[in-house]
Amino acid sequence: MRYSVVLALHTLIWVLLTASFYCQKPSVVNIGAIFTFDSVIGRVAKPAMEAAVSDVNADSRILKGAKLELIMENANCSAFLGSIEAFQVLDKGVVAIIGPQSSAIAHMISEIANGLQVPLISYAATDPTLSALQFPYFLRATQSDGYQMAAMAGLIDYYGWKQVIAVFVDDEYGRNGISALGDELERKMTKIAYKLALPVQFNQSYLTDLLHKSKLLGPRVYVVHIDPDPRLRIFKVAKELQMMTSDYVWFATDWLSTTIDSFSPMSRTSLAVLDGVVALRQHTPQSNRKSAFMSRWKEMQKEGLASSELNVYGLLAYDAVWTVAKSIERFIDEHENISFSVLDKLLELKPSEIQLRKLKIFDGGPLLREKLLETNMSGLAGEVRFNQEDRNIVSGGYDVINIEKMAIHTVGFWSNYSGFSVSPPETVKRGTSSYPPLDQKLGYVTWPGGNTVTPRGWVIADDEQPLRIGVPKRVSFVEFARELNNSHKIEGYCIDVFMAARKLVPYDIPYRFVPFGNGQSNPNYDELVKMVAQNVFDAAVGDIAIVKNRTMIVDFSQPYATTGLVIVAPVSNSKSSAWVFLQPFTWELWSVTAASFVIVAVVMWTLEHRVNDDFRGPPKKQLATMFLFSFSTLFKKNQEDTVSPLGRIVMVVWLFLLMVITSSYTASLTSILTVQQISSPITGIDSLIASNWPIGYQVGSFAYSYLTESLYIPSSRLVPLGSPEEYERALRQGPDNGGVGAVIDELTYIELFLSRRTDFGIIGQTFTRSGWGFAFQKDSPLAVDMSTAILKLSENGELRKIHEKWFCKMGCPGDKDQDIEPNRLHLISFWGLYLLCGAFSVVAFVVFLIRMIYQFVRYKKRQVNHPSPVSTSSSNTRCSQVISNFVDFVDEKEEAIKRMFQHDNPQVQVC
């Protein structure tokens, strides 16, 4: 019994002591800091964090009297050493780690922080991939390179450059930053053309060799993304290599602004090598606290507490300490105590000199992490607030700075909600994430070489490495491009167009022509285009058709000649035909027209006979008058005038029909008498395909691939022809004698072929539409400038003059009418007019008939009421007699009928 009481008493005392321990608030809170002490960022981060810890401990309202202890360890720019220092810091019971400044070290330490649940708050690691879900305990108290590269891509797009060269340090910071830049540029239809990777510890000879080789590349826009370098080695080497001239553009990420902001006034002479460079700097809004701290920094320098000028990372390091301190305060208020527990898996490790088994998990890590993410305060560098999704600090934007004559000028600002502006981001109203491109604005920039005009940003060639231009070495149709006697001297229509356009390009283009082909047959143009895509040639100049499969691998200039595939076949002249005048109309149209003359003659005689003396008389005279009146309307004014209103209406419609018909007939007959007619049954591409006749095509042309791949014509039907003479011979032989039924080639060649031969002609219309252009490598800026030059040549008439120079000595081939089978006029083209005329004629005839019947009925009633010799002789009521009487009545003159009705009833007016 006594033993049980003692055991219970001991248990109670143990429980009370344990509860007292866990409810007691800590008197000291340890936080760690891992960074490289002797570095551009480390030299400002160390005194800034020490100042922040001093300010926190001096404020009794923070941590409720607990002392904040900062344990700093030197990473010495090494991920390996940084990891070891992280273990040493964690062994001292820290609740959070500030740093590291290096993205490579941050990747390593983040894994350790995850395992021990210790939040890691970095004020300088900008690698975008650190925001991955893989590192939930990593918080970024500086702006991610994801934001910075969006600003850099916007800057490149603002000035209109499409290709850049990226120079970067080959580690996580450099690779992932440039990858983010590539993604942002791709959204703006721009790209990183070349990537120049540098070792982490690069030397000057390696750098010199790398930059020297880049001078042979086309782009002249460089983006430099490396670690802060006080020696500015990249720009010193570039200056030695004559790469800081007006032909070049140099951009730098915020490493450069960090470096030069750290320079002492005595070291500002180093800025001379940066003349014309444009860089980004993290934007920090002006505030009284910031100004006071900068003044305090000057005092710290005098006292020897700071050895470097203050840069933005010093402000961020100061804010990081305060962020951690305030989060710990809220954590303690809620949790009251800081505790650690042993990780079971570490206990399972075998004992060794590395005391990993002593490492403990921070029990309150998840809660402190949440408190950090809830931070919302104003720091020296601006607003401190984290995005919940990626744990990055809310972006405050960037300053765009330009170095000119050893002075740093701010030419504008960028933010992810306003784009570029000459006003600071905090003064611009926040809106949506998209912003109008036309509203973007920056101040004037001085570029390398003192140039104030925006550089072109690329060089296509120079005297040492001229543009390699492939030119087809043709053996037929040599007027377009030819080599003179193997002398490498090239001339031709296409060459003259290129030379004229080259003069309009606003810069010099060193070049050399390289003939392509064996000189025995025309070269394959698809192969020529592929050699441009494969960098064998920089460009290709010649009669190169712009077709789909070629545009997928190269860029073409604006077409300088319009062309397309056409069919050429033997033709015969139809002028000698005695019946050519019948060809404009089809037989259906001739028949309907003739019938219309007869119908109109009958209708007009019927309407005019009773009221017009010209249409009365003996039957032979009336018949002659009726048809002469109708047919004479084609040629002259009729001798007989129309009197009846209905007749005049019919004549108006009939004359309109005749005007249209005669005009169309005249135009069609003129066309028939002045053009050639085909002498083969081929009428177009469809009939040619259905004929199964052999088809000729030009060697090297895209016609072969089009006919086989698009029209599915068997290759066995296609006959390669190499010259106009072969065209002529094959067409004259015909398909039955070893020749071809037709030749398919581009219109420009065929026009030249037909200009010297009258026995052949084009059948149908052009069944493909394309043009000739100059081929350039993909994304070549020269393609755009040459297109602009070609448009200018077209507008000022120079293209036409070049064409006339080569092809119009004996008359331009394109001036002849090449439509060798004008369409005959069909009834379907005029059926509406005939229907209209017929309708008016029928309506007029029906109205006249109704009127006659009405008068005839009145006439018969009068006969019944007033018998007469005439009436008694007409008393027979048989049908034939009635019709005969009606015809006789109609034959009477209108005036006689009216007098008869007026005599019978003077008050009645007969219509």
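The shown structure was predicted, so the numbers you read here are calculated from the model rather than taken from an experiment.

Quick notes on the rules
- Residues numbered from 1 in each chain as written.
- Predicted model: local features only at pLDDT ≥ 70, side-chain atom pairs only at ≥ 80, totals over all residues.
- Heavy atoms only, no water.
- Salt bridge = Lys/Arg side-chain N within 4 Å of Asp/Glu carboxyl O.
- Helix = DSSP H or I, 4+ residues; strand = E, 2+ residues; numbered from the N terminus.
- Buried < 20%, exposed > 50% of the residue type's maximum accessible area, 1.4 Å probe, protein only.
- Arc of directions from axis to C-beta.
- Contact = heavy atoms within 4.5 Å.
- Pairing = 2+ DSSP bridges.
- Phe/Tyr/Trp six-rings, centres within 6.5 Å; stacked < 30°, edge-to-face > 60°.
- Lys NZ or Arg CZ within 6 Å of the ring centre and 35° of its normal.
- Core = buried A, V, L, I, M, F, W, Y, C linked by side-chain atoms within 4.5 Å.
- Polar contact = N/O pair within 3.5 Å; in protein donor to acceptor, adjacent residues only side chain to side chain.
- Right-handed = clockwise from strand over helix to strand, strands pointing away.
- Patch = residues over 30% accessible without salt bridge, like charges linked within 9 Å, V, L, I, M, F, W, Y side chains within 5 Å.
- Areas by Shrake-Rupley, 256 points an atom, 1.4 Å probe, with all protein chains shown as cover.
- Axes fitted to C-alpha atoms, helices over the stretch in contact; angles between N-to-C directions.
- Parallel < 35°, antiparallel > 145°, perpendicular 65-115°, else oblique.
- Left-handed = near helix turned anticlockwise from the far one by under 90°.
- Nonpolar A, V, L, I, M, F, W, Y, C, P; charged D, E, K, R; others polar.

## Remarks on the pattern of salt bridges
Per the stated rule, a full pass over the model turns up 29 salt bridges. The salt bridge partner of Asp526 is Arg550, with a shortest N-O separation of 2.7 Å. Separated by 24 residues along the polypeptide, Asp526 in helix 15 (residues 525-533) and Arg550 in helix 16 (residues 548-551) bring together distant segments of the chain. Looking at Asp526, the relative accessible area reads 19%, which means it is buried. Taken together, the shared-partner salt bridges in this structure form one network comprising Glu728, Arg732 and Asp759.

## Some thoughts on helix 7 (residues 204-214)
Along an α-helix, residues three or four positions apart point the same way, because every turn accommodates 3.6 residues. For helix 7, the complete set of buried residues consists of Leu207, Leu210, Leu211 and Ser214. End-on view of helix 7: buried residues confined to an arc of 90 degrees, all on one side of the axis. Of the exposed residues in helix 7, those oriented more than 90 degrees away from the buried face are Ser205 and Lys213. The inward-facing, buried residues of helix 7 contact strand 6 (163-169), strand 7 (191-198), strand 8 (221-225), helix 8 (233-240) and strand 9 (249-252).

## As for the environment of Gly65
Mapped onto the elements of the fold, Gly65 is located in the loop between helix 2 (42-58) and strand 2 (67-74). With relative accessibility at 64%, the residue Gly65 sits in the exposed group. Expressed as a C-alpha distance, the spacing of Gly65 and Ser27, which sit 38 residues apart in the sequence, is 7.2 Å.

## Brief notes about the sheet that holds strand 5 (residues 138-140)
Ordered in space as 2-1-3-4-5, the five strands form an open sheet in which the pairing is parallel. With partners counted over all chains shown, the strands left at the sheet margins are strand 2 and strand 5, one partner each. Here strand 3 (residues 97-98) pairs with strand 4 (residues 120-122) via two bridges, running parallel. Looking at strand 4, one finds that Ile97 is bridged to Leu120.

## As for the packing of aromatic side chains
Any pair of aromatic rings gets described here by the distance separating the centres and the angle formed by the planes. On inspection of all chains with the given rule, the structure shows 34 aromatic pairs. For the cation-ring pair, Lys46 lies above Phe37, with the distance from its terminal atom to the ring centre recorded as 6.0 Å. The lysine or arginine in question, Arg456, covers the ring of Trp458, its NZ or CZ lying 5.2 Å from the ring centre.

## Considerations on the nonpolar core
Ranked by internal contacts, the top residues of the largest apolar core, which has 82 residues, are Phe480, Tyr493, Tyr560 and Phe774. Among the elements that line this core, the one with the most residues is helix 14 (residues 493-504), at seven residues. Setting aside chain neighbours within four positions, we find Tyr493 in contact with Glu479, Phe480, Tyr560, Ala561, Ile802, His803, Trp806 and Phe807. The next biggest cluster of nonpolar side chains, apart from the first, holds 78 residues, and it includes Ala45, Leu63, Val118 and Leu130.

## Some thoughts on the side chain of Arg474
Mapping Arg474 onto the fold places it in the loop between strand 18 (467-472) and strand 19 (482-483). Within polar-contact distance, the side chain of Arg474 engages the backbone oxygen of Ser476 at 2.7 Å. The residues touching Arg474, leaving out its near neighbours within four places in the chain, are Ala481, Asn522, Pro523, Tyr525, Asp543, Gln698 and Tyr749.

## Regarding the side chain of Ser257
Within the secondary structure, Ser257 is located in helix 9 (residues 254-261). Looking at Ser257, its side chain comes within polar contact range of the main-chain oxygen of Leu280, at 2.9 Å.

## Quick look at the pairing of strand 22 (residues 539-545)
Extensive coverage of strand 22 is indicated by the burial of seven of its seven residues. Bridge count for strand 18 against strand 22 is two bridges, and the pairing is parallel. Bridge assignment links Ile469 to a residue of strand 22, and that residue is Ala539. Here strand 22 pairs with strand 31 (residues 770-777) via four bridges, running antiparallel. Bridge assignment links Ala545 to a residue of strand 31, and that residue is Trp772.

## Structural notes on the environment of Val571
By the secondary structure assignment, Val571 is in strand 25 (residues 565-573). Since its relative accessible area comes to 10%, Val571 is described here as buried. With 189 residues separating them along the chain, Val571 and Phe760 place their C-alpha atoms 4.9 Å apart.

## What about unusual backbone geometry?
At the junction of Gly99 and Pro100, the peptide bond is cis and its omega measures out at -5 degrees in the coordinates. Relative to the assigned elements, Pro100 resides in the loop between strand 3 and helix 4 (103-116). For Met406, which is not glycine, the phi dihedral falls at a positive 60 degrees. Structurally, the position occupied by Met406 is in the loop between strand 15 (398-404) and strand 16 (407-415). Looking at Met406, the relative accessible area reads 42%, which means it is partly exposed. Backbone geometry at Asn692 places phi at a positive 65 degrees, although glycine is not the residue there. For Asn692, the position within the fold is in the loop between helix 20 (685-691) and strand 27 (695-698). Classification of Asn692 as exposed rests on a relative accessible area of 59%.

## Re the pairing of strand 6
Burial of strand 6 is extensive: seven of the seven residues sit out of reach of the surface. Across seven bridges, strand 6 lies against strand 7 in parallel orientation. Residue Phe168 lies in a different strand from strand 7, and its bridge partner there is Ala197. Running through helix 6 (residues 172-187), the crossover from strand 6 to the neighbouring parallel element strand 7 is right-handed.

## Considering a nonpolar patch on the surface
The grouping of Val842, Phe845, Val846, Leu849, Ile850, Ile853 and Val857 at the surface amounts to a nonpolar patch, some 560 Å² of accessible area in total. When its relative accessible area of 33% is taken as the criterion, Leu849 is described as partly exposed.

## Re helix 22 (residues 724-733)
Looking at helix 22, one finds that the buried residues are Pro724, Tyr727, Ala730 and Leu731. With its buried residues spanning 130 degrees around the axis, helix 22 presents them on a single face. Following helix 22 by one or two positions, Gly734 has its phi on the positive side, about 80 degrees.

## Considerations on the sheet that holds strand 9
Taken in spatial order, the eight strands of this open sheet run 7-6-8-9-10-15-16-17, and their pairing is mixed. Two strands close off the open sheet at either side, each with one partner strand: strand 7 and strand 17 (419-421). Averaged over neighbouring strand pairs, the angle between their axes works out to 25 degrees when direction is ignored. Here four bridges tie strand 8 to strand 9, and the two strands are oriented parallel to one another. Directly across from Val223, in strand 9, lies its bridge partner Phe251.

## Details of the packing of helix 7 against helix 8
Following both chains from N to C, one finds helix 7 and helix 8 inclined at 55 degrees, their axes separated by 10 Å at the closest point. Between helix 7 and helix 8, the angle falls in the class oblique. Handedness of the crossing formed by helix 7 with helix 8: right-handed. Contacts from Gln204, Leu207, Thr208 and Leu211 of helix 7 reach helix 8 at Arg233, Ile234, Val237, Ala238 and Glu240. Within the contact of helix 7 with helix 8, the residues separate by chemical class into five nonpolar, two polar and two charged.

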